[in-house]
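Working through the structure, step by step
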Amino acid sequence: MCRSALSFFALIDYYQYYFLFESITLDTISLIQPDDWHAHLRDGLALQRTVPDLAKQFARAICMPNLVPPVKTVEEALAYRQRILAHVPEGLDFDPRMVLYFTDQTSPQEISKIKDSEFVDAIKLYPAGATTNSANGVSDIRKVYAVIEQLEKHQVPLLLHGEVTHQHVDIFDREKRFLDEVLAPLLKQFPQLRLVLEHITTSEAAHFVLEHDRHVAATITPQHLLFNRNDLLVGGVKPHFYCLPILKRLNHQQTLLEVATSGNPKFFLGTDSAPHAQNAKENACGCAGCYSAPNAIELYAQAFDQVGKIDRLEGFASHFGADFYGLPRNTKQITLVKQPQTIVESLDYLEDQKIIPLHAGQTLSWRKV
Ligand code: NCD
Ligand code: ZN
């Protein structure tokens, strides 16, 4: 055979190998174990459901403090952490990371206690009345500037539910109004404040984060990457897609997908998984919150893969949040395979109730093994 024919066959061989190799790597991916920087576990019997579901997916999770009554001090947070740890299944390592609930009465001294605590990482500000169990939240942010000064001084992160609550403001505009009316002035006053704008839902919020320095970050949920307000409202109201901040238009979903998959470390994983019993969701006054914990990483994989960016999942899910919080990255790995799996229709909850998980009964293309 002449030399050029030989090199032609060598080339074919190379391409066959290349495509085989590529298909293997694209159908199986390994990531450093991910963390969830925003989750609701509730308390009491609910922990039997929520802790195993979350601990099977994540190494660590920020456990939100909107219990009834809320978790307001480091002491209360450490006691709550013990109640969570009591439900971690045998053989799983799970490190609950705790957060205090900011109220009008939070004392500036509590912030140095957070700074000194091994397990409490931040404080969460819910504008009073913004969402589930937020009645004890902050009534006017200017009233708590003395505490925020301490947050800036000690570099303790402020986690924000970023929506205004005025009755006259349209629900779809509440996040944007928060940026303009609350967050921009806050950062002017405290330029070194470390903050996480939780569960962002709009292009405006994504751009706000991009335009500020590295102290300003955001979490993004799986529902805001996979769905938009048509999924919630077209063809009948779908209460299991109702969460706060509410799903927005398609163009906002697209911007969130862009920034989440961009490799920018300011955007990281926070599911906002929030359990509500089926009858509390399918109700004339349905509760806000989507329960995504059991399939969280696969839901994110689906979203990243849909835009051809599965290779960006690891940074978003496993690196950037830990880096922001100044915690070490995890060391163990997980594997995802491209195999269909159907999300269960319902899960047992409390004594005799059910939870309908996010995207129940639908098939995802990735599975954690
Ligand atoms: C959360 C809940 O149920 O605790 N609900 C929600 O719609 N996201 C609270 C919250 O994070 O807003
Ligand atoms: Zn939340």
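Residues numbered from 1 in each chain as written. Chains lettered and ligands numbered in written order. Predicted model: local features only at pLDDT ≥ 70, side-chain atom pairs only at ≥ 80, totals over all residues. Heavy atoms only, no water.

Applying the stated rule across the entire model yields 0 disulfides. Here C63 is not disulfide-linked; the sulfur of C290 is the nearest cysteine sulfur, at 19 Å. Residue classification places C63 among the buried residues on the basis of a relative accessible area of 0%. With no disulfide of its own, C287 lies closest to C285 among cysteine sulfurs, the gap being 7.3 Å. (Disulfide = S-S within 2.5 Å. Buried < 20%, exposed > 50% of the residue type's maximum accessible area, 1.4 Å probe, protein only.)

Protein coordination at the zinc ion (ligand 2): the donors are H38 (NE2), H40 (NE2) and D272 (OD), at 2.0 Å from the metal. Taken together, the 4 donor atoms coordinating the zinc ion (ligand 2) and their angles of 93 to 138° define a geometry best described as irregular. Within one chain, the residues donating to the zinc ion (ligand 2) are spaced in sequence as H-x1-H-x231-D. Residue H38 is located in strand β2 (residues 36–39), and its partner D272 is located in the loop between β9 (267–269) and α11 (278–281); the two are separated by 234 residues in the primary sequence. Under the relative-accessibility criterion, D272 is labelled buried at 6%. (Donors = N, O, S within 2.8 Å, 3.2 Å for Na, K, Ca; no water. Tetrahedral: all angles 85-135°; square planar, octahedral: opposite > 155°, others 65-115°. Helix = DSSP H or I, 4+ residues; strand = E, 2+ residues; numbered from the N terminus.)

The next point concerns helix α13 (residues 313–325). An ideal rise of 1.5 Å per residue puts 18 Å on 13 residues; α13 measures up with 19 Å between its terminal C-alpha atoms. The largest bend in α13 is about 40°, located at H319. Extensive coverage of α13 is indicated by the burial of 11 of its 13 residues. Within α13, burial applies to L313, G315, F316, A317, S318, H319, F320, G321, A322, F324 and Y325. Backbone geometry just after α13 places G326 at a positive phi near 70°. (Expected span 1.5 Å × (residues − 1). Bend = angle between axes of the 7 residues up to and from the residue.)

So, about helix α10 (residues 250–260). Because each turn of an α-helix spans 3.6 residues, side chains separated by three or four positions end up pointing in the same direction. For α10, every residue scored as buried is listed here: H252, Q253, T255, L256, L257, V259 and A260. Lining the buried residues of α10 we find α7 (203–211), β8 (216–220), α8 (222–226), β9, α12 (296–306) and α13. (Contact = heavy atoms within 4.5 Å.)

Glancing now at the site of ligand 1. Taken together, 15 residues form the shell around ligand 1, and within it R42, T131, L244, D272 and H276 come nearest. A288 has a polar backbone atom sitting 3.1 Å from a nitrogen atom of ligand 1. Here an oxygen atom of ligand 1 and a backbone polar atom of G289 are 3.2 Å apart. When ligand 1 sits alone it has 310 Å² of accessible area, and the protein chains cover 100% of it. Here the residues of the shell around ligand 1 are counted per class, giving 4 nonpolar, 9 polar and 2 charged. (Near = heavy atom within 4 Å. Polar contact = N/O pair within 3.5 Å; in protein donor to acceptor, adjacent residues only side chain to side chain. Areas by Shrake-Rupley, 256 points an atom, 1.4 Å probe, with all protein chains shown as cover. Nonpolar A, V, L, I, M, F, W, Y, C, P; charged D, E, K, R; others polar.)

So, about the UniProt feature "binding site: Zn(2+) 2" (unreviewed entry) in the protein chain. With numbering aligned to this structure, UniProt lists the feature "binding site: Zn(2+) 2" (unreviewed entry) at K124, H161 and H199. The named residues occupy 76 residues along the chain; their greatest pairwise C-alpha distance, 12.6 Å, places them in one compact cluster. Along the chain, the position of K124 falls in strand β5 (residues 120–125). In this fold, H161 is placed in the loop between β6 (158–160) and α6 (174–189). Look past the residues within four positions of H161 in its chain and what remains in contact with it is K124, L125, Y126, P127, A130, T131, F178, H199, L244 and P245. (UniProt positions renumbered as here; feature names shortened; annotations may be inferred.)

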